[in-house]
Amino acid sequence: MLESRSTPASKPRVRFAPSPTGFLHVGSARTFIFNWLYARHNDGTMILRLDDTDVERNTQASVDSIFEGLKWLNLTWDEEYKQSERIELHRKTAWAIFEKGLAYRDFTPAHTGAAEKSGAHGTWLFNAGARELSPAESDRRAAAGELFALRFRVPREPGNVVRFTDAVYGEQVKEAADIEDFALLRSDGMPTYHLASCADDADLGITHIIRGQDHLTNTFKHVLIFEAAGCRPPQFAHLPLLVAPDGTKLSKRRHGPVVSVTTYRDAGFLPEAFINFLCLLGWSPKNDRENMSLPELTEIFSLEGINRSNAVVNFKEAALAANPSLSSPVPSSTAIPNSPVVIPSEARDPGVPAPEDTFDPKALWLNAEHIRALPVEELSQRLLPIVNAAGFNIATEKMLRITPLIRERIKLLRDVLTAADFFFVSQLPPYDPAELIPQKGDAAMALRVLARARDVLANVEFEHDPLDQALRTAAQELGVKAGQMFQPIRVAVCGRKNAPPLFETLEVLGKETVLARIGRAAAMM
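Reference entry: report on the structure contained in this document. Each chain carries its own residue numbering, running from 1 in the direction its sequence is written. Reporting of local features is limited, given that this is a predicted model, to residues whose pLDDT is at least 70; pairs of side-chain atoms are given and counted only at 80 or more, and all residues count toward the totals for whole chains, interfaces and linings. Excluding hydrogens and water, the side-chain figures rest on all heavy atoms present in the structure.

A look at the overall build of the chain
A count of helices and strands for the chain gives 22 helices and 12 strands. Restricting to contacts in the chain with at least 6 residues of sequence separation, those with at least 24 account for 78%. Each helix is a run of H or I in the DSSP string that is no shorter than four residues. Each strand is a run of E no shorter than two, and both are numbered from the N terminus. Contacts are assigned to residue pairs that have any heavy atoms within 4.5 Å of one another.

Description of the sheet that holds strand β4 (residues 103-106)
Here we have three strands laid out as an open sheet, ordered β4-β5-β8, and antiparallel in their pairing. Each end of this open sheet is capped by a strand with a single partner; those strands are β4 and β8 (183-185). Strand-to-strand twist across the sheet, computed as the mean angle between neighbouring axes with direction ignored, equals 40°. In this structure, strand β5 (residues 149-152) lies alongside β8, joined through two bridges in antiparallel fashion. Strand pairing requires that DSSP identify at least two bridges connecting the strands. Angular values range over 0 to 180 degrees, each being the angle between N-to-C directions of two axes fitted as lines to C-alpha atoms, with helices fitted over their stretch in contact.

Notes on the packing of helix α18 (residues 443-457) against helix α22 (residues 511-524)
Where α18 meets α22, the axes come as close as 10 Å, and the angle between the chain directions of the two elements is 155°. Taken together, the axes of α18 and α22 are roughly antiparallel relative to one another. When the axes of α18 and α22 are compared, the crossing they make is left-handed. Along the contact surface, α18 presents L447, L450, A453, R454 and L457, while α22 presents K511, V514, L515, I518, G519, A521 and A522. Under the grouping applied here, Gly and all other residues not named as nonpolar or charged are polar, the nonpolar ones being Ala, Val, Leu, Ile, Met, Phe, Trp, Tyr, Cys and Pro and the charged ones Asp, Glu, Lys and Arg. Class assignment of the residues belonging to the contact of α18 with α22 gives a composition of nine nonpolar, one polar and two charged. Any angle from 65 to 115 degrees is called roughly perpendicular, while one under 35 is roughly parallel, one over 145 is roughly antiparallel, and all others are oblique. Handedness of a crossing follows from how the near helix is turned relative to the far one, being left-handed for an anticlockwise turn of less than a right angle and right-handed for a clockwise one.

Points about the packing of aromatic side chains
Pairs were defined over the aromatic rings of Phe, Tyr and Trp, the Trp ring being its six-membered one, requiring ring centres within 6.5 Å. Orientation was assigned from the angle between planes: stacked under 30 degrees, edge-to-face over 60, tilted for the rest. In total, this model carries 19 aromatic pairs according to the counting rule given. Between the aromatic rings of F16 and F32, the centroid separation amounts to 5.4 Å while the plane-to-plane angle is 70°, which identifies the pairing as edge-to-face. Of this pair, F16 sits in strand β1 (residues 13-16) while F32 sits in helix α1 (residues 26-41), placing them 16 residues apart in sequence. Think of it in three bands: residues with accessible area under 20% of the maximum for their type are buried, residues over 50% are exposed, and the middle band is partly exposed, with areas taken using a 1.4 Å probe on protein chains only. Since its relative accessible area comes to 4%, F16 is described here as buried.

Examining the nonpolar core
Among buried residues, those of type Ala, Val, Leu, Ile, Met, Phe, Trp, Tyr and Cys that are joined through side-chain atoms within 4.5 Å constitute a nonpolar core. The biggest cluster of nonpolar side chains holds 88 residues, and the ones touching the most others in it are I33 and L73. Here the element with the most residues in this core is α1; it accounts for nine residues. Those residues within four positions of L73 in sequence are excluded, and the remaining contacts are A29, F32, I33, P271, F274 and I275. Counting 59 residues, the second-largest nonpolar core is a separate cluster that includes L374, F392, F423 and L467.

With respect to the pattern of salt bridges
For salt bridges, the criterion is a side-chain nitrogen of Lys or Arg within 4 Å of an Asp or Glu carboxyl oxygen. Under the defined criterion, the tally for this structure stands at 31 salt bridges. Ionic pairing is found between E146 and R141, a salt bridge with its closest N-O pair at 3.0 Å. Judged by relative accessible area, E146 falls into the partly exposed class, the value being 31%. When its relative accessible area of 21% is taken as the criterion, R141 is described as partly exposed. With a shortest N-O distance of 3.2 Å, R289 and E296 are connected by a salt bridge. Among the residues examined, E296 registers a relative accessible area of 29% and is labelled partly exposed. Residues joined by salt bridges that share partners form a network here, namely R15, R49, D51, R86, D200, D201 and D203.

What about helix α20 (residues 482-494)?
The first and last C-alpha atoms of α20 sit 18 Å apart over 13 residues, in line with the 18 Å expected at 1.5 Å per residue. Looking only at α20, the buried set comprises Q484, M485, F486, Q487, P488, I489, R490, V491, A492, V493 and C494. Contacts made by the buried residues of α20 are with α17 (421-424), α18, α19 (464-478), α21 (502-509) and α22. Residue G495 follows α20 closely and has a positive phi angle near 85°. A helix's residues, less one, multiplied by 1.5 Å, set its expected span.

Some words on α21
Counting buried residues along α21, six of its eight residues qualify, which places the element largely inside the surrounding structure. The set of residues buried in α21 consists of L502, F503, T505, L506, V508 and L509. Buried residues along α21 sit against α15 (396-406), α17, α19, α20 and α22. A positive phi of about 90° marks G510, the residue just after α21.

Remarks on unusual backbone geometry
Even without a glycine there, the phi angle at D288 is positive, about 60°. As for its placement among the helices and strands, D288 is situated in the loop between α10 (271-279) and α11 (294-300). The phi torsion at K440 lies on the positive side, around 60°, for a residue other than glycine. Note that K440 resides in the loop between α17 and α18. For K440, a relative accessible area of 76% translates into the label exposed.

Read these as layout, nothing more, since geometry by itself doesn't imply function.
Structural data, given as structure tokens:
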């Protein structure tokens with residue numbers, strides 16, 4: 001007989017129990033995060049339990065994806081279990097319930113056909129012949145080797161109800177007679193999800209079960225199992241579903257990689273920003289704040305802040321379908337494409353959306369906010385592996401100088417490959433020479449500016465103030481405005497008008513590169 005370790009006064013013990021049948025879903029990640037926050041806020045215990053008893057559907061790739069996604073989130077757990085290693089406990093629990101007379105052997109094949117539908121709405125509830133079989137006959141047939149499933153004997157007396165109070169959805173009540181005699185053990189002796197989950201929850205002393213709203217209807221069966229096993233049911237808290245913009249439930253099969261955690265990682269989201277975003281899907285603090293750090297989330301998280309309404313993830317399905325870089329989730333710890341080719345945002349095919357056009361705008365906004373909040377040294381450390389993986393051998397010191405110039409210009413970490421591409425390449429890709437012509441100027445003005453800039457920059461110290469002073473003086477000498485002086489230089493060294501501050505950019509690029517690019521630009525005029 002199981003006895004729950006939990007008592008009303010004990011610290012909370014919560015669990016995340018994914019089934020390894022696919023990549024880590026964003027909804028599963030949110031469930032993990034909410035459990036983690038509740039445990040940490042209340043000085044409790046966070047448990048990871050793989051519900052891996054579905055041997056036909058479980059794959060090692062799925063297990064790897066789950067751990068890979070959780071590792072990226074960087075939220076640790078205190079205890080870890082595999083359900084497949086606890087099957088004897090599950091069977092012991094089932095037979096203990098049987099010995100109480102609360103379960104019975106069902107020797108009939110899987111129920112089929114209208115004749116076996118016994119519910120008020122034509123649903124199958126139980127097989128009367130099996131349920132009424134005498135203990136002696138049941139034992140005789142089992143001893144003779146007949147296969148059977150072990151089913152829970154749901155009370156069918158009038159007025160018998162199953163009830164529990166959900167921390168989110170309130171009082172839940174269901175007539176026991178409307179619940180089918182669900183299986184505890186299959187005919188091959190393997191435990192069902194309902195039995196295994198409850199047996200493990202009781203044995204591990206789980207005090208709070210925080211999971212998706214799609215499990216709400218299962219909870220009536222779980223309450224029956226807990227009570228039959230002699231255990232006090234945990235506190236249940238069911239989370240609102242995550243839905244697509246059209247209101248349909250987020251589906252791995254239908255919506256593909258946009259519901260995979262690794263897609264967000266590979267696109268360049270910060271894990272702390274992604275956590276922040278998922279927390280706002282179905283939960284809100286009392287002060288309606290949005291941009292929050294992990295310590296802040298941990299401090300203010302409570303079950304009372306969870307909403308009942310489903311939460312919409314506002315991704316763009318059309319953009320997802322058109323973007324080849326997000327065509328499938330990649331369960332790999334090195335999922336950054338290893339290619340030195342960089343396409344500036346201005347040069348992208350207008351018919352192919354940028355990756356960031358796929359994601360929820362709030363997710364992108366939060367990610368940009370978290371990027372700007374990072375110290376330059378830390379952001380540089382996160383950007384450098386992306387740059388190196390793209391084929392650019394950039395020194396740590398140089399990346400540290402580039403980072404403050406682009407920090408305000410990127411929403412995703414991978415944006416470094418387009419926002420700072422001209423720092424990485426030895427030679428700029430082709431660009432339109434017309435971009436060199438300053439506003440209210442002409443090609444002749446651009447050529448004069450470039451020629452003068454090359455002469456001046458060849459003899460100036462490459463630091464901000466000397467560069468600033470020398471180029472402004474040159475503009476006055478040429479009789480042009482400062483902006484007309486700066487634009488041709490900016491395009492010459494960056495390959496485009498939209499670029500970081502000019503003097504800091506010149507500093508980082510260095511005299512040799514700057515002079516070579518200005519010379520090339522002048523030759524294009």
